8 protein chains.
Amino acid sequence: MEVLVLFGSESDMEVGAEIVKLFDAFGIRHALHIASAHRTPEKVGRLVKKAEKEGAKAIIAGAGLSAHLAGVVASKTLLPVIGIPVAGGPLNGLDALLSTVNMPGGVPVATVSMGKAGGKNAALLAARIIALARPDVLKKLESYRDEQARAVEEADKRINAGRR
Amino acid sequence: MEVLVLFGSESDMEVGAEIVKLFDAFGIRHALHIASAHRTPEKVGRLVKKAEKEGAKAIIAGAGLSAHLAGVVASKTLLPVIGIPVAGGPLNGLDALLSTVNMPGGVPVATVSMGKAGGKNAALLAARIIALARPDVLKKLESYRDEQARAVEEADKRINAGRR
Amino acid sequence: MEVLVLFGSESDMEVGAEIVKLFDAFGIRHALHIASAHRTPEKVGRLVKKAEKEGAKAIIAGAGLSAHLAGVVASKTLLPVIGIPVAGGPLNGLDALLSTVNMPGGVPVATVSMGKAGGKNAALLAARIIALARPDVLKKLESYRDEQARAVEEADKRINAGRR
Amino acid sequence: MEVLVLFGSESDMEVGAEIVKLFDAFGIRHALHIASAHRTPEKVGRLVKKAEKEGAKAIIAGAGLSAHLAGVVASKTLLPVIGIPVAGGPLNGLDALLSTVNMPGGVPVATVSMGKAGGKNAALLAARIIALARPDVLKKLESYRDEQARAVEEADKRINAGRR
Amino acid sequence: MEVLVLFGSESDMEVGAEIVKLFDAFGIRHALHIASAHRTPEKVGRLVKKAEKEGAKAIIAGAGLSAHLAGVVASKTLLPVIGIPVAGGPLNGLDALLSTVNMPGGVPVATVSMGKAGGKNAALLAARIIALARPDVLKKLESYRDEQARAVEEADKRINAGRR
Amino acid sequence: MEVLVLFGSESDMEVGAEIVKLFDAFGIRHALHIASAHRTPEKVGRLVKKAEKEGAKAIIAGAGLSAHLAGVVASKTLLPVIGIPVAGGPLNGLDALLSTVNMPGGVPVATVSMGKAGGKNAALLAARIIALARPDVLKKLESYRDEQARAVEEADKRINAGRR
Amino acid sequence: MEVLVLFGSESDMEVGAEIVKLFDAFGIRHALHIASAHRTPEKVGRLVKKAEKEGAKAIIAGAGLSAHLAGVVASKTLLPVIGIPVAGGPLNGLDALLSTVNMPGGVPVATVSMGKAGGKNAALLAARIIALARPDVLKKLESYRDEQARAVEEADKRINAGRR
Amino acid sequence: MEVLVLFGSESDMEVGAEIVKLFDAFGIRHALHIASAHRTPEKVGRLVKKAEKEGAKAIIAGAGLSAHLAGVVASKTLLPVIGIPVAGGPLNGLDALLSTVNMPGGVPVATVSMGKAGGKNAALLAARIIALARPDVLKKLESYRDEQARAVEEADKRINAGRR
């Protein structure tokens, strides 16, 4: 396993699907689990230890509301931990953002964008870390970047075609 | 021990002092510790278990920034857990408030006011819980309430004396 | 009656239903009332006094917007008062959160999560207080906790079953 | 008494002083009291009734944090109630603003600016209400307005004098 | 005319309808107009002068976004001006609230709740001002208050009937 | 006059000084005035008309709190209007930002940064508009930009010199 | 080309359509492109240089989330740059607003309203700049303003017709 | 060079000093530069390319206000980019946080805590990435973690010593 992916609740799977899609495309081995910092703290600990043993290079943790999952994971490992503030609830993720990002000095969480964009960016950030030692993943990242640029180019053509 | 009081950092002791003062006045036995959800997670667990064994009726947990302490404690015990969002940092405690209060359904944290007022209110909330079984504490709460009312009355006189 | 449950408006009953469901399951005797801090202040006072007489161990108060209900209740009793910031209105409950939680030092309100999660957590917090003197409720809390953990475990299996 | 002025705490008197200064200048009879919605609810009720009896035309209520004072007053009288969100505490009055202004439909609070400007504007708003029946107060308001315009004019001259 | 009611845009009429309904029930003569501080500043001035001449006792002004209407009106008259922050736009009225309430010292706006509740409360606040000189309106306010209390009472019965 | 600069209050002159300094350096003729949208609305109108007559190319308006000045100016002219949200008051300028920027469709205000940076950026934005027809101002803008880059370069050297 | 219009994503075209409609009505020559500060930074640079060569008088840039587009454009040109904070994402454009408006001193972005109103106001602001040298555009702006006033007048009639 | 550290302004060096201290202690080779996304975009590009050539494993970028630096860097490289929202300005870093973290899907920035804590956490996050291939850095991280735990332990003793 290269990346362990944890979400606090099954309802976060829309975000999780973004990660799986990218990891599958990039050939990055990963495990995906629901595990709650508050409801199943031991399970979180067990999965983190397992990931360390299997040589994981990063752990992604996504949660909503008072999102403690990424911080709790970061306190249990010295691997890079990536946090996704899952949008939802009455404040639509502002609570999850602040709970994830403003960790006290000493326990870093690499926080990415809120919501679905966060799923994509968490996967790409993990891929950038893995690419430091896997040139094939770097290639994929380059292709992905080119594809994004091409998509912008095509959108640009599309809207201008529509205007004439 | 009737109440375990935990703070995430020594710099939170200004808030902690409010609690100690009230508990001493009310005759409520308590232990006060610095213990961090992220830097010393095992210690947090150990102190919580000890509090349970010694018959504690409540646990107070105060922390700042991405304040996970109260939530982590609430996931390790079935005692009532009171959370204080310690003000400080660039957002002056808004992050601590949201990290403490918006717990997912299933793991309740009884959040009180931000900052120093939160220290006072956490102690009074614990005292209200303890007073359910200790009439002497209820008496103290009544006196405290009367004293507060008297203080308002005196302030009222003071400002009106000053006006004539 | 062990817990008095008050809501400021009939439209808050979606949150109230969470409480009733849990209290019924836990065998906690309770009364549920609509009573407004602003529209029926006397009724609030009457219900609080009645709850005290009948030996209530906690009062839950939920309201939206400039949510004064929990604070007003906390000024009329020395029982533990649990406040639920009901989400809704243009600010979707941010006003209710701040109106409920930031009580001046001296009058504590045990604020729980915003919205539906708050209903669940208010009931569980009350149950934790009641469990201090009722071992059967503590048992129910333990089962509930185990059930929650099992639900996470099953969700975890479900998403991984879906992936193969 | 034409206006009853209430503040929740002696520390709000910096705001209160603005009101007294204006009312003295305008010849508006008023009483100023410290009275807390939470610590001395009965006193609030008593003062409101007294104000009604003495023919008050408006009540001003200022408070900070979870500022319930103005709303509580508005539920006890049918006089126009003016609320001042006193700045202070970790959120610097944002809590007081939302607690004061977003009253549920049915119980209006006339909320003015936060902080010291709020003291001035509460007094002027009360004066505008009183001026509906007292032409001499209307005259004072006109002079005050002219004075303000003159002050702007003078400031304008001052900064331009300084520039040459 | 006793009250002039202004809204910045036709889309605010949902709020306006609340006012008309209450004024019609209370027998308060009023005029309702769309007039924009930015698009028709002269019209605003003209309507304000007309209201003054016809003996209006208050002006209500509702607007959304950077809501300047109430402040602009308050600078053109010495009548009490009531501002309604109309919810809508990407920030759902937070901009309208701050634009309406935080007037610099000297030009007061009596700001009421955001959105539809604001329509109701603006009308009731105006009615409280008018009731200072019209006992029949005070009667209506008393009935309205009783009716509100009764509605709470009935809601209370309804939810408890539903529970057995 | 090429640019009219208005501020709502003498206390905003710290921001105004940034503008004067840049305009003097760029050789842009300007007038600077204190004029309040609420306290001296007629003066605002007069100054705007004068600026139009004298061929001004832009108007800068800075104000704090419920900052209506820039919007009011933009409703009185078809010149480009630049708004500066002056920081200050309990919300430290958030109110001024939202009051200035979120103008309803039809009346544009070119809002720049909050506070002192806003003074600088308002002047540079006006200079960019003027430079469309004055090549000498474009030259000054180019030099200014180069100077800024050089200042970064020097800061870079300074911190690295300090490190050896 | 008189104005270059850039958006970060095809999904922003609802806002873009407002601009095209107004520019077509005003006879302002423009180019509209999708170009991303992060995905196609070179393309942004190329389009900006092209706009400068073709004599553009302003550049409009709209983006959502961490909206860097307008700032990046403003660092590559000395033309006036107008930024539109596109609403969307979990924070509904608050991130885009702050990312666009609070530029450090030295690199001004003329920020207009969030969302669709921002499209309209960006176009009108550009038109005001262009009108400095094109009297025919000034005429159009005058007609547009009159039309807006007329629309308010008609709305006013409509709602009052509906009331009788 | 293993890590390139960029800050947008010399005034951010208080945060930068935290990074240098940790990197020196951990034996991580790094370069520290002032380079602005807006004032010296080419320099940013040059430094990023140089870092890539010299085998850097991560780039840290810190900036305040509309903080575009980290995002701009992330668009120019496929290395992991760590963003620090520097606190300061009227909103005290909320703008910097949202500008840094909410990157559109495709261009990830690993955002850490605001302010000084962010400097520490950025360095530790970079160290965690580097430790994937350097066991000696992993050792340092373990010692650092133990030291942190010891510091908590000592603080705990200190406050309890003080209490007897």
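Preceding block: the structure.
Each value, and the rule that gives it
- Residues numbered from 1 in each chain as written.
- Chains lettered and ligands numbered in written order.
- Predicted model: local features only at pLDDT ≥ 70, side-chain atom pairs only at ≥ 80, totals over all residues.
- Heavy atoms only, no water.
- Contact = heavy atoms within 4.5 Å.
- Buried area = accessible area lost by both parts, 1.4 Å probe.
- Salt bridge = Lys/Arg side-chain N within 4 Å of Asp/Glu carboxyl O.
- Polar contact = N/O pair within 3.5 Å; in protein donor to acceptor, adjacent residues only side chain to side chain.
- Helix = DSSP H or I, 4+ residues; strand = E, 2+ residues; numbered from the N terminus.
- Nonpolar A, V, L, I, M, F, W, Y, C, P; charged D, E, K, R; others polar.
- Least-squares fit on C-alpha atoms with pLDDT ≥ 70 in both.
- Axes fitted to C-alpha atoms, helices over the stretch in contact; angles between N-to-C directions.
- Parallel < 35°, antiparallel > 145°, perpendicular 65-115°, else oblique.
- Buried < 20%, exposed > 50% of the residue type's maximum accessible area, 1.4 Å probe, protein only.
- Pairing = 2+ DSSP bridges.
- Right-handed = clockwise from strand over helix to strand, strands pointing away.
- Expected span 1.5 Å × (residues − 1).

1. Focus on the interface of chain G and chain F
Phase 1 of the analysis: Chain G puts 38 residues into the contact, and the matching count from chain F is 38 residues.
Phase 2 of the analysis: Three residues, L78, P108 and R128 of chain G, lead the burial of chain G against chain F; their summed loss comes to 26% of the area buried on that side.
Phase 3 of the analysis: Counting across the interface, chain G meets chain F through 0 salt bridges.
Phase 4 of the analysis: One can count 23 residue pairs in polar contact (both at pLDDT 80 or more) joining chain G with chain F.
Phase 5 of the analysis: Counting residues per element, the ones that place at least two in the side of chain G that touches chain F are α4 (94–101), β5 (110–111), α5 (115–131) and α6 (135–161) of chain G.

2. Observations concerning the interface of chain B and chain H
Phase 1 of the analysis: Contacts between the two partners involve 15 residues from chain B, matched on the other side by 14 residues from chain H.
Phase 2 of the analysis: Carbon and sulfur atoms supply 60% of the area buried between chain B and chain H, which totals about 1300 Å² over both sides.
Phase 3 of the analysis: The interface formed by chain B and chain H holds 3 salt bridges in total.
Phase 4 of the analysis: The partner of E10 of chain B in a salt bridge is R158 of chain H, with the nearest N and O atoms 2.4 Å apart.
Phase 5 of the analysis: The interface formed by chain B and chain H includes 7 residue pairs in polar contact (both at pLDDT 80 or more).
Phase 6 of the analysis: Taken together, the elements giving at least two residues each to the side of chain B that touches chain H come down to α1 (13–26) and β2 (30–34) of chain B.
Phase 7 of the analysis: The leading source of residues in the side of chain B that touches chain H is β2 of chain B, at 5 residues.
Phase 8 of the analysis: In the side of chain B that touches chain H, the residues fall into 8 nonpolar, 4 polar and 3 charged.

3. Some points on the relation of the copies chain B and chain H
Phase 1 of the analysis: Between chain B and chain H, the superposition needs a rotation of 90 degrees and an axial shift of 0.0 Å, giving an RMSD of 0.0 Å. Classification of the inter-copy transformation places it as that of a four-fold axis. Residues of chain B ranked by C-alpha distance from the rotation axis are headed by L91 of chain B, positioned 6.2 Å from it.

4. Concerning the packing of helix α1 (residues 13–26) of chain D against helix α6 (residues 135–161) of chain D
Residues and elements named next belong to chain D.
Phase 1 of the analysis: Viewed as axis vectors pointing N to C, α1 and α6 meet at an angle of 120 degrees, and their least axial separation amounts to 10 Å. If you check the angle between α1 and α6, you find them oblique. Residues L22, A25 and F26 of α1 touch α6, and the partners they reach there are V137, K140, L141 and Y144.

5. Observations concerning the pairing of strand β4 (residues 81–85) of chain C
All names here are of chain C.
Phase 1 of the analysis: Counting buried residues in β4 gives 5 out of 5 residues, a clear majority hidden from the surface.
Phase 2 of the analysis: Burial of β4 is two-sided: the residues V81, G83 and P85 facing one way and the residues I82 and I84 facing the other way are all buried.
Phase 3 of the analysis: In the sheet, strand β3 (residues 58–63) pairs with β4 via 5 bridges, with the strands oriented parallel. Counted as the bridge partner of I60 is I82 from β4.
Phase 4 of the analysis: With respect to chirality, the unit in which β3 leads through helix α3 (residues 69–74) into the neighbouring parallel β4 is right-handed.
Phase 5 of the analysis: Bridge count between β4 and strand β5 (residues 110–111): 2 bridges; the pairing is parallel. Note on β5: the bridge partner recorded for G83 is T111.

6. Some remarks on the relation of the copies chain G and chain F
Phase 1 of the analysis: Once chain G is rotated about the relating axis by 180 degrees and shifted along it by 0.0 Å, it coincides with chain F to within an RMSD of 0.0 Å. Considering both components of the superposition, the chain copies are consistent with a two-fold axis.
Phase 2 of the analysis: Looking at chain G, 100% of its interface residues are interface residues in chain F too, so the copies touch through the same face.

7. A short note on unusual backbone geometry
Phase 1 of the analysis: In this model, L65 of chain A sits at a positive phi of 50 degrees, which is unusual for a non-glycine residue.
Phase 2 of the analysis: On the secondary structure map, L65 of chain A appears in the loop between β3 (58–63) and α3 (69–74).

8. Points about the side chain of S66 of chain C
Phase 1 of the analysis: Looking at where S66 of chain C falls in the secondary structure, it is placed in the loop between β3 and α3.
Phase 2 of the analysis: Within the structure, the side chain of S66 of chain C is placed 3.1 Å from the backbone oxygen of S99 of chain D, a separation counted as a polar contact.
Phase 3 of the analysis: Within polar-contact distance, the side chain of S66 of chain C engages the backbone nitrogen of N102 of chain D at 3.0 Å.
Phase 4 of the analysis: In this structure, S66 of chain C is in contact with H38 and S99 of chain C together with L98, S99, T100, V101, N102 and M103 of chain D, ignoring residues within four places of it in sequence.

9. A closer look at helix α1 (residues 13–26) of chain A
Because each turn of an α-helix spans 3.6 residues, side chains separated by three or four positions end up pointing in the same direction.
Residue and element names in this part refer to chain A.
Phase 1 of the analysis: Taking 1.5 Å of rise per residue, the 14 residues of α1 would be expected to cover 20 Å, and the 19 Å separating its terminal C-alpha atoms lies within 8% of that figure.
Phase 2 of the analysis: All of the buried residues in α1 are M13, V15, G16, E18, I19, V20, L22, F23 and F26.
Phase 3 of the analysis: Looking one or two residues beyond α1, the residue adopting positive phi is G27, at roughly 70 degrees.

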